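# Fold and geometry: a report
Below are the chains, spelled out letter by letter.
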Amino acid sequence: SVPLIKFTKNESEEIKTPIVNLKSFIEQSRVAFITGEKSIDNDWDSYVKTLNDLGMANVIKIHQDAYDRVYK
């Protein structure tokens, strides 16, 4: 089962916009990779760079911090 984690008010505010942007970009990219509009070989590095530019590392850190508060 997926662990139940709770974010602080500040964490929730900090990840709200990046999560929306990341989900949208991931879905658009998934379709583009599946349909061949984007190539895994040629476009993967750009895909990862955009994930990072959209704040993926901070979103992961906030999730990890929230998880650690509950399960450590």
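Going by the structure above, here's the rest.
All figures in this text were calculated on a predicted structure; none of them were measured in a lab. (Residues numbered from 1 in each chain as written. Predicted model: local features only at pLDDT ≥ 70, side-chain atom pairs only at ≥ 80, totals over all residues. Heavy atoms only, no water.)

## Section: the packing of helix α1 (residues 9-35) against helix α3 (residues 56-71)
The axes of two packed helices give the description: the angle between them and the distance between them. For the record, the criterion: Fitted lines through C-alpha atoms give the axes, limited to the stretch in contact for helices. The angle between two N-to-C directions lies from 0 to 180 degrees. Helix and strand assignments follow DSSP, with helices taken as H or I runs no shorter than four residues and strands as E runs no shorter than two, numbered in order from the N terminus. Between 65 and 115 degrees an angle is taken as roughly perpendicular, under 35 as roughly parallel, over 145 as roughly antiparallel, and anywhere else as oblique. Crossing chirality is assigned from the near helix's rotation relative to the far helix, an anticlockwise turn below a right angle marking it left-handed and a clockwise turn marking it right-handed. Residues are treated as being in contact if the distance between any of their heavy atoms lies within 4.5 Å.
Contact geometry for α1 and α3: axes closest at 9 Å, N-to-C directions at 135°. In terms of their interaxial angle, α1 and α3 are classed as oblique. As α1 runs across α3, the sense of the crossing is left-handed. In this structure, α1 contributes Glu11, Glu14, Ile15, Pro18, Ile19 and Leu22 to the contact, and α3 contributes Met56, Asn58, Val59, Ile62, His63, Asp65, Ala66 and Arg69.

## With respect to the packing of aromatic side chains
Any aromatic ring pair is given by two values, namely how distant the centres are and how the planes are angled relative to each other. Filter applied, for reference: In summary, the pairing rule links any two rings of Phe, Tyr or Trp, Trp by its six-membered ring, whose centres are within 6.5 Å, and it sorts them by plane angle into stacked for under 30 degrees, edge-to-face for over 60 and tilted for everything else. Placement of a positive charge over a ring is assigned whenever Lys NZ or Arg CZ falls within 6 Å of the ring centre and within 35 degrees of the normal to the ring plane.
Counting across every chain of the model gives five aromatic pairs. Plain terms: the ring middles of tryptophan 44 and tyrosine 47 are 4.9 Å apart, the flat faces sit at 40° to each other, and that makes the pair tilted. In this pair, tryptophan 44 and tyrosine 47 are both assigned in helix α2 (residues 40-53), three residues apart and thus about one turn of the helix distant. The rings of Phe25, Phe33, Trp44 and Tyr47 are connected pair by pair, giving a single aromatic cluster. A cation over an aromatic ring shows up here: lysine 38 above the ring of phenylalanine 33, its NZ or CZ 6.0 Å from the ring centre.

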